[in-house]
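Observations on the model geometry
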Amino acid sequence: MRILLYNPDNGVTRNFMPHLWMFLLQVLTPPGHEVLLIDGNAQAMDEDGIARYVREQNIGLVGIGAMTRMIAKAYRMADAVRATGVPVVMGGPHVTEMADEALGRSGGVRHADAVALGEADQTWPTIVVDAAHEFGQERKPTLQAYPSIPWDTINLDQFNLVPKIATPLLRRVGAGGGRFALFQSSRGAVVPTGANSVR
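Since the model is a prediction, treat every value here as computed from it, not as a measurement. (Residues numbered from 1 in each chain as written. Predicted model: local features only at pLDDT ≥ 70, side-chain atom pairs only at ≥ 80, totals over all residues. Heavy atoms only, no water.)

What follows concerns the overall build of the protein. From N to C terminus, the protein includes seven helices and seven strands. Excluding contacts between residues fewer than 6 apart, the proportion of contacts in the protein whose partners are at least 24 apart in sequence is 62%. Counting only carbon and sulfur atoms, one obtains 55% of the accessible surface of the protein, whose full area is about 12300 Å². (Helix = DSSP H or I, 4+ residues; strand = E, 2+ residues; numbered from the N terminus. Contact = heavy atoms within 4.5 Å. Areas by Shrake-Rupley, 256 points an atom, 1.4 Å probe, with all protein chains shown as cover.)

Once that is clear, we can look at a nonpolar patch on the surface. A cluster of nonpolar side chains, namely Leu-20, Phe-23 and Leu-24, defines an oily patch on the protein surface of about 290 Å² accessible area. Relative to the helices and strands, Phe-23 is located in helix α1 (residues 20-28). (Patch = residues over 30% accessible without salt bridge, like charges linked within 9 Å, V, L, I, M, F, W, Y side chains within 5 Å. Salt bridge = Lys/Arg side-chain N within 4 Å of Asp/Glu carboxyl O.)

On to the packing of helix α2 (residues 47-56) against helix α3 (residues 71-83). One way to put it is that α2 packs onto α3 with a least axis distance of 8 Å and a crossing angle of 40 degrees. With respect to their mutual orientation, α2 and α3 come out oblique. In the crossing of α2 with α3, the sense of the turn from one axis to the other is right-handed. Between α2, through Glu-47, Ile-50, Ala-51 and Val-54, and α3, the contact on the second element is made entirely by Arg-76, Met-77, Ala-80 and Val-81. Per-class residue counts for the contact of α2 with α3 are six nonpolar, no polar and two charged. (Axes fitted to C-alpha atoms, helices over the stretch in contact; angles between N-to-C directions. Parallel < 35°, antiparallel > 145°, perpendicular 65-115°, else oblique. Left-handed = near helix turned anticlockwise from the far one by under 90°. Nonpolar A, V, L, I, M, F, W, Y, C, P; charged D, E, K, R; others polar.)

Looking at where Asp-9 falls in the secondary structure, it is placed in the loop between β1 (2-7) and α1. When its relative accessible area of 12% is taken as the criterion, Asp-9 is described as buried. Of the polar contacts made by the side chain of Asp-9, one reaches the side chain of Lys-73; its length is 3.0 Å. Leave out the neighbours within four places in its chain, and Asp-9 touches Gly-40, Asn-41, Met-70 and Lys-73. (Buried < 20%, exposed > 50% of the residue type's maximum accessible area, 1.4 Å probe, protein only. Polar contact = N/O pair within 3.5 Å; in protein donor to acceptor, adjacent residues only side chain to side chain.)

Structure follows, in structure tokens:
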């Protein structure tokens, strides 16, 4: 997969010192991926430009890091990339403090498919592996060799739906020892009902 790491300029002042994060994440990227770097302070690019670049270079994932003074540009660039269908991971000080904003959970537009909080040294390799396999897709476990749940050793009293006053009566008539609980069984799990189980 080809990955673009993009550092935006803030459109007002120029920072001529390259940001270390791009070089660090490039080195931390798992083998088998090609990482391209663009610093907006050295290579000016607008929204149309980054969208065109992502398409022409066959980019599969874009990482954008930004401080608060750059966040408006970062969000515009992220939106342009996401409009091409390529997922965006955002990080940096602003996103770490305002993750809900980047993910659209605070009532605004969603700018990122995922966020990296804090230093991305540990999370970046995992993000890349996830993106390469099935970014944004739920992975369900196989039902083969599914482990047995030891219902007879689990205290299920907190899930009992029968009022305590009715428990003696139900025990006398042999109705599950006076216990009744509902459990989800959509994965084919054994459903406990007191001392008895229903498959």
